[in-house]
Amino acid sequence: GYFISEEFLNTIKKNTQIDLAIVGNGIIMGSSKWADKHFMTELPLPYLSYQRILEQSVFANIRFMGQSYLITAKKMKALDPSFSGSILMALPAERFSDIETNILKNMARIFLCLSIIAIIIVFFISDSLLKSIKILNTVSTGLTKGHLNTRANIKSGDEFQLLAENFNAMAEEIESKNNELQQLNLSLENRIVQELEKSRGKDKLIKLQSRHAAMGE
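**As for the overall build of the protein chain**
No. 1: Of regular secondary structure, the protein chain possesses six helices and seven strands.
No. 2: Each helix and strand of the protein chain, placed in order from N terminus to C terminus, yields the pattern α-β-β-β-β-α-β-β-α-β-α-α-α.
No. 3: Within the protein chain, the fraction of its 217 residues that count as buried is 36%.
No. 4: Counting contacts in the protein chain only where the partners sit at least 6 residues apart, residues at least 24 apart contribute 51% of the total.
No. 5: Carbon and sulfur atoms form 55% of the exposed surface of the protein chain, whose accessible area is close to 13,400 Å².

The structure is reproduced here in structure tokens:
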């Protein structure tokens, strides 16, 4: 048979910022050289947390050797039925720090505006104000539940419209970030499958050569 080695993982990682580790029953079976400096020798988060990431295909933040990473995981059987265990995939968190900073700034503006509006409403309540607030509340709830394509459609020509536009800009940034992560994840999975096929081909060739050598003897 054949196995996944550090050399195999570093081949997949080549020319990317992605780092990898093979996990079996909570034990690191092999890893690429993270940040081109250190091999991972033990799981950098509780195994139950890792299982949740694995089962739900979500992303999480971890720290390894003083650096922050955004990670996800995939069962190896989903990529190749002949393998057990799972593969942990990571990207430096700093790659997305600018996006997160902009999102936090937009959220701060939104909450500030909502606070001011709430004060105004105490004195001046109108149907149009309530309608706009309900729309913003619905959109906020949708985003919280993961409906990243939710948008606020307010054309009132006032501060509410401006607030909705800021809200939509924030939602688009979140959706864009999520799509980029999903595309990176899919690209990496395809690369892993290709390398597994290459390894299988080399393994078969070695066996065939060994068989011919034995027959020649």
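**A look at the sheet that holds strand β2 (residues 27-31)**
No. 1: Overall, antiparallel pairing links the five strands, which are arranged β2-β1-β7-β6-β5 in an open sheet. The sheet is open, and its two edges are formed by β2 and β5 (60-64), each paired on a single side. Each strand of the sheet is rotated relative to its neighbour by a mean of 40 degrees, with strand direction disregarded.
No. 2: Note that strand β1 (residues 19-24) and β2 share four bridges and pair antiparallel. Considered in β2, the bridge of alanine 21 is made with serine 31.
No. 3: In the packing of helix α2 (residues 47-56) onto the sheet, contacts are made with β1, β5, β6 (67-75) and β7 (86-92), and the angle to β6 comes to roughly 55 degrees.

**Quick look at the confidence of the model for the protein chain**
No. 1: The pLDDT averaged across the protein chain works out to 76; a share of 77% of its residues lies at or above 70.
No. 2: Within the protein chain, helix α4 (residues 97-123) has the poorest average pLDDT of any element, 65, and α2 the best, 89.

**Overview of the nonpolar core**
No. 1: Counting residues in each nonpolar core, the largest one holds 18 residues, and the members touching the most others are Trp34, Leu43, Leu45, Tyr50, Tyr69, Ile71 and Leu88.
No. 2: Setting aside anything within four residues of it in sequence, one finds leucine 43 in contact with Val23, Gly26, Ile28, Tyr50 and Leu88.
No. 3: Among the nonpolar cores identified, the runner-up in size contains 15 residues, and Leu9, Leu20, Met76 and Met89 belong to it.

**Digging into unusual backbone geometry**
No. 1: Even without being glycine, asparagine 25 reaches a positive phi, approximately 55 degrees.
No. 2: The phi dihedral of methionine 65 falls on the positive side, at around 55 degrees, and the residue is not glycine.
No. 3: Within the secondary structure layout, methionine 65 lies in the loop between β5 and β6.
No. 4: With a relative accessible area of 56%, methionine 65 lands in the exposed category.

**Here's the deal with the packing of aromatic side chains**
No. 1: Using the criterion set out here, one finds three aromatic pairs in the structure.
No. 2: Taking the centre distance of 4.8 Å and the plane angle of 70 degrees together, the rings of tryptophan 34 and tyrosine 69 count as edge-to-face. With tryptophan 34 in strand β3 (residues 33-34) and tyrosine 69 in strand β6, the pair connects residues that are 35 residues apart, well separated along the chain. In terms of burial, tryptophan 34 and tyrosine 69 fall into one category: buried.
No. 3: Considering the side-chain rings of tyrosine 47 and tyrosine 50, the 6.5 Å spacing of their centres and the 25 degrees angle between planes classify their relative orientation as stacked. Of this pair, tyrosine 47 and tyrosine 50 both sit in helix α2, three residues apart, roughly one helical turn.
No. 4: What makes tyrosine 47 partly exposed here is its relative accessible area of 36%.

Thresholds, definitions, all that
Residues numbered from 1 in each chain as written. Predicted model: local features only at pLDDT ≥ 70, side-chain atom pairs only at ≥ 80, totals over all residues. Heavy atoms only, no water. Helix = DSSP H or I, 4+ residues; strand = E, 2+ residues; numbered from the N terminus. Buried < 20%, exposed > 50% of the residue type's maximum accessible area, 1.4 Å probe, protein only. Contact = heavy atoms within 4.5 Å. Areas by Shrake-Rupley, 256 points an atom, 1.4 Å probe, with all protein chains shown as cover. Pairing = 2+ DSSP bridges. Axes fitted to C-alpha atoms, helices over the stretch in contact; angles between N-to-C directions. pLDDT = per-residue confidence, 0-100. Core = buried A, V, L, I, M, F, W, Y, C linked by side-chain atoms within 4.5 Å. Phe/Tyr/Trp six-rings, centres within 6.5 Å; stacked < 30°, edge-to-face > 60°.

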